[in-house]
There are 2 protein chains.
Amino acid sequence: MKTLRIDPDRLRRDFDQLSAIGSTGDGGVHRPALGDDHLAARHWFRERIAADGLAFHQDGAGNHSAVLRSRTHEARTLLVGSHLDSVPRGGRFDGALGVLAAYEAVRAVRDAGLELPVHLEAIDFTDEEGALVCLLGSRALAGTLDREELEDPRCGRATLDDRLHQAGLTHEGILGARRDPKTLAGFLELHIEQGPRLTSAGAAIGIVTSIVGIGSFSLRFDGRADHAGTTPLDARRDAGRGAAALIVAANEIVERDFPTCVINFGELTLAPGAYNIVPESADLAVEFRAPDDDLMRALETMLLDLARQQADRYGLDLLVRPQISIAPVPCAAEVQSAFEAACQDLDLSYRHLTSGAGHDTGAMASVCPAGMIFIPSSGGSHSPREHADRDACVAGASTLLQALVRIARRTR
Amino acid sequence: MKTLRIDPDRLRRDFDQLSAIGSTGDGGVHRPALGDDHLAARHWFRERIAADGLAFHQDGAGNHSAVLRSRTHEARTLLVGSHLDSVPRGGRFDGALGVLAAYEAVRAVRDAGLELPVHLEAIDFTDEEGALVCLLGSRALAGTLDREELEDPRCGRATLDDRLHQAGLTHEGILGARRDPKTLAGFLELHIEQGPRLTSAGAAIGIVTSIVGIGSFSLRFDGRADHAGTTPLDARRDAGRGAAALIVAANEIVERDFPTCVINFGELTLAPGAYNIVPESADLAVEFRAPDDDLMRALETMLLDLARQQADRYGLDLLVRPQISIAPVPCAAEVQSAFEAACQDLDLSYRHLTSGAGHDTGAMASVCPAGMIFIPSSGGSHSPREHADRDACVAGASTLLQALVRIARRTR
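Note that the structure is a prediction, hence the values are computed from the model and not measured.

Rules behind the numbers
Residues numbered from 1 in each chain as written. Chains lettered and ligands numbered in written order. Predicted model: local features only at pLDDT ≥ 70, side-chain atom pairs only at ≥ 80, totals over all residues. Helix = DSSP H or I, 4+ residues; strand = E, 2+ residues; numbered from the N terminus. Rg over C-alpha atoms; globule rule 2.2 N^0.38 Å. Contact = placed C-beta atoms within 7 Å. Axes fitted to C-alpha atoms, helices over the stretch in contact; angles between N-to-C directions. Parallel < 35°, antiparallel > 145°, perpendicular 65-115°, else oblique. Left-handed = near helix turned anticlockwise from the far one by under 90°. Nonpolar A, V, L, I, M, F, W, Y, C, P; charged D, E, K, R; others polar. Pairing = 2+ DSSP bridges. Domains from an automatic or database assignment. Least-squares fit on C-alpha atoms with pLDDT ≥ 70 in both. Expected span 1.5 Å × (residues − 1). Buried ≥ 20, exposed ≤ 12 C-beta atoms within 10 Å, placed from the backbone. Core = buried A, V, L, I, M, F, W, Y, C linked by C-beta atoms within 7 Å. pLDDT = per-residue confidence, 0-100.

### Notes on the overall build of chain A
Along the backbone of chain A there are 13 helices and 15 strands. Whereas a compact globule of 412 residues would reach a radius of gyration of roughly 22 Å, chain A reaches 24 Å, a difference of no more than 12%. Reported as C-alpha extents along the three principal axes, the dimensions of chain A are approximately 85 × 50 × 40 Å. Excluding contacts between residues fewer than 6 apart, the proportion of contacts in chain A whose partners are at least 24 apart in sequence is 78%.

### Here we look at the packing of helix α3 (residues 96-112) of chain B against helix α13 (residues 390-410) of chain B
Residue and element names in this part refer to chain B. Viewed as axis vectors pointing N to C, α3 and α13 meet at an angle of 55°, and their least axial separation amounts to 9 Å. Here α3 is positioned oblique relative to α13, judged by the angle of their axes. The handedness of the crossing between α3 and α13 comes out as right-handed. Along its contact with α3, which presents Leu-97, Ala-101, Ala-102, Glu-104, Ala-105 and Ala-108, the element α13 presents Cys-393, Gly-396, Ala-397, Leu-400, Leu-401 and Leu-404. The class makeup of the residues in the contact of α3 with α13 is 10 nonpolar, one polar and one charged.

### Let's talk about the pairing of strand β2 (residues 55-58) of chain B
Residues and elements named next belong to chain B. Pairing of β2 with strand β3 (residues 64-68) involves four bridges; the strand directions are antiparallel. Among the inter-strand pairings, Gln-58 is bridged to a residue of β3, identified as His-64. Hairpin connection, β2 to β3: the antiparallel pair is bridged by five residues, and Gly-62 has positive phi, about 80°.

### Quick look at the domain arrangement of chain A
Looking at chain A, the domain boundaries give domain 1 (8-209 + 332-410) and domain 2 (213-326). Taking the mean C-alpha position of each, domain 1 of chain A and domain 2 of chain A sit 37 Å from one another.

### Looking at the relation of the copies chain B and chain A
Mapping chain B onto chain A leaves a residual RMSD of 0.1 Å; the transformation is a rotation of 180° accompanied by 0.2 Å of translation along its axis. The relationship between the two copies is best expressed as a two-fold rotation axis. Scanning chain B for the C-alpha nearest the rotation axis identifies Ala244(B), at a separation of 2.2 Å. In this assembly the copies share their binding face: 100% of the residues contributing to the interface of chain B also contribute to that of chain A.

### Topic: helix α11 (residues 333-346) of chain B
All names here are of chain B. Here α11 spans 20 Å end to end across 14 residues, near enough to the 20 Å set by a 1.5 Å rise per residue. If you follow the buried residues of α11, they end up packed against β7 (184-192), β8 (205-211), β14 (350-355), β15 (370-375) and α13. The first or second residue beyond α11 is Asp-347, which carries a positive phi of 60°.

### What to know about unusual backbone geometry
Residue and element names in this part refer to chain A. Ala-271 connects to Pro-272 through a cis peptide bond whose omega is 5°. With respect to the helices and strands, the residue Pro-272 is situated in the loop between β10 (262-271) and β11 (281-290). Positive phi is not limited to glycine here, since Arg-89 has a value of about 50°. Position of Arg-89 among the secondary structure elements: in the loop between β4 (76-83) and β5 (90-91). The partly exposed category is assigned to Arg-89, around which 16 C-beta atoms lie within 10 Å. Although it is not a glycine, His-382 adopts a positive phi angle of roughly 55°. Tracing the backbone shows His-382 in the loop between β15 (370-375) and α13 (390-410).

### Description of the nonpolar core
One finds Ala105(A), Leu400(A), Leu404(A), Ala105(B), Leu400(B) and Leu404(B) to be the most contacted residues of the largest nonpolar core, which totals 270 residues. Non-local contacts of Ala105(B), meaning those with residues more than four positions away in its chain, are made with Ile6(B), Val80(B), Ala397(B), Leu400(B), Leu401(B) and Leu404(B).

### Some points on the interface of chain B and chain A
Between chain B and chain A, the contact holds 47 residues from the first and 47 residues from the second. Mapped by element, the contributors of at least two residues to the side of chain B that touches chain A are α9 (239-257), β10 (262-271) and β11 (281-290) of chain B. Here the side of chain B that touches chain A takes nine residues from α9(B), the largest share from any one element. In the side of chain B that touches chain A, the residues fall into 22 nonpolar, 17 polar and eight charged.

### Topic: the environment of Arg110(A)
By secondary structure assignment, the location of Arg110(A) is in helix α3 (residues 96-112). Between the alpha carbons of Arg110(A) and Ser398(A) there is a distance of 15 Å; along the sequence they are 288 residues apart.

### Here we look at the confidence of the model for chain A
A residue-level look at chain A finds 100% of positions with pLDDT of 70 or above and a mean pLDDT of 95. For this predicted complex, the interface score ipTM comes out at 0.84, while the overall pTM is 0.85.

### Details of the environment of Gln344(A)
With respect to the element layout, Gln344(A) can be found in helix α11 (residues 333-346). For the pair Gln344(A) and Thr399(A), spaced 55 residues apart in sequence, the C-alpha to C-alpha distance is 9.5 Å.

### A short note on the pairing of β15(A)
Residues and elements named next belong to chain A. Counting buried positions along β15 yields six of six residues, so the element is predominantly enclosed. In β15, alternate side chains face the same way, and those of Ala-370, Met-372 and Phe-374 on one face and Gly-371, Ile-373 and Ile-375 on the other are all buried. For strand β7 (residues 184-192) and β15, the ladder comprises six bridges, and the chain directions are parallel. Looking across to β15, one finds that Phe-187 is bridged to Ala-370. Judged from the two bridges that link them, strand β8 (residues 205-211) and β15 form a sheet pairing that is antiparallel. Bridge pairing links Gly-206 to Phe-374 in β15.

Following this line, the structure appears as structure tokens:
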């Protein structure tokens, strides 16, 4: 048997070819799901698989796989992959690197002649970013996608059906893409970190402990519009002051008491909105993320208590409208430990962290042991400037390969 | 000589008649300057003066007066009045009550057969509220209105010229309305308070010590748009957080250290404006008012220092764009003391306060001894709900009359 290792040059070659598809000329790519450039990227992947002599598989949700079948009787399937679609004018690493690293890992197993007791599938999931339906491919495969979401998608029914038609997909096909969880040995994913923690820590690999939960609220403070020249400060009911006090206090408390969580006040509108009129109302959009259910609840309670306190303090009425609520998803302990062992074998520094963004791993974790690693990336997220060094990509792909083999070998 | 006193019933009758002109049916009036309803109110005032047998005077700026001439050789003129125009859908007391109280005071002097060493003029100034040009009439009379303001007014040249034409006024006429300050003995004004201080203090009369100065800035904080799920709080450059911290801190400092001043953050816009994106920029509109030059400077310095501190603290860039800058205007000490003596004579409670809004008194103070009183009013400002009790109106008109006589008698 040949040495089991990924081929950095082959990985780089594939990555450069793929990055040219839908290139925006500034280092980024524009490949929204099932648009022309995404379909071209899918075509390239299919041709690559064929040229490399691996089996190709496509399911009813358009998920693409390179398949390396095991000779073991009734082997289960270990999936490894990510997605080839991008946000509009996004970066070339997000998703694409995960598909290619998975594909390279599967090729490395094949090239080494390594016989594993699981089928391997390097998979490209459809529409992770949600141009049509968020996590369409991975949730279809996991069986957690509702028929209603296809009938009333956030992109609009006509857009969805038009794109599906162009790609030769149907609602029935998507809903039929579910696989029996008993056939799945697990799911592994490599992704760039979409934040600065690994770079700050000087770590090569981030082992994700959970995909954070997301809660959001639309908050409205109602006060009174007064003449700002003639109304003393202590006689006002200034909705803007209440909103500002909430922003300041909530950020300070999260920073101090919730170090594994984040909060963001992304929108704020004051009305009527004039230099000389005390704000009558303040509409505030707040989102928070936490790595487990207890912290989600604690964070939500803190936030709403604090909002009520500010309302009382400034004589305001408070209206709370819940928006989204997505539960945190822990990554499988066995997958985390396989990644740890791989890092130790490869002498790579690592740290545990949470994923602040949603990923296909989150969808897969509901049906099989799933986990993911991050590699350091600079230049922000969902941006043409996002960048992972060649060495970081190679270290990540190597870790993915080693962990894949470990999990495969202990799968029954 | 008959007793010198105002006639409450006559004042009320005039007020009710005037309030019907441009009535919005909800207690308010709609009389923007030189619009049909304002012209109708002016016509009513002219007819009222004629019916009462007083002399009528109109100058080139459309200022209307009821004139009671003195027999004294080379007497100067003591002006007393306010304005008949309103903001769009405003209240029926703002301005109008001041004109009618002044007119009633002049009638009372005439009816009492009181001979004073000054000519008295109960004046209705044109466009105090600035539908066309802010304080047009009083500034024209004071000679502080620039020709340029007529050529490039904030309402647009075409609108101004159209309205002037309808009212039979011209640019040259307006600029020619200036009176030689040597001919002016002073200016007195009665106005509703446009805030809650008199009501809170339980005082019948507010003696205005100064018309506050107004400064305003457009402030922009620039940070960085990051993914709100993946970027830890301490790695962000959150423009919204900087703006909120400024709002909180500036309000607290003004409340604690600048009790005679006010500040207002009336507009705030966060961009790009999404639940899951850390605000890259925050555009903030701030206005502040102070009763004298020293406080204006101190307040401005405090505000800009504080904005820079928040920018430094949150890693933001700060852009400061000055907007308006209006100097504070002190009211004449001799006019204030005449109002004090009048209150004492009438056994009315009073307190000194600043005017947080601009008034014709501010324009007149640059050329003659000028001052004003407030009477308590509820229901806000520039609102159909604004309301002053009948007793408060009578107390105010009586105070105006007594102060007018005191000032007239000591004028040489």
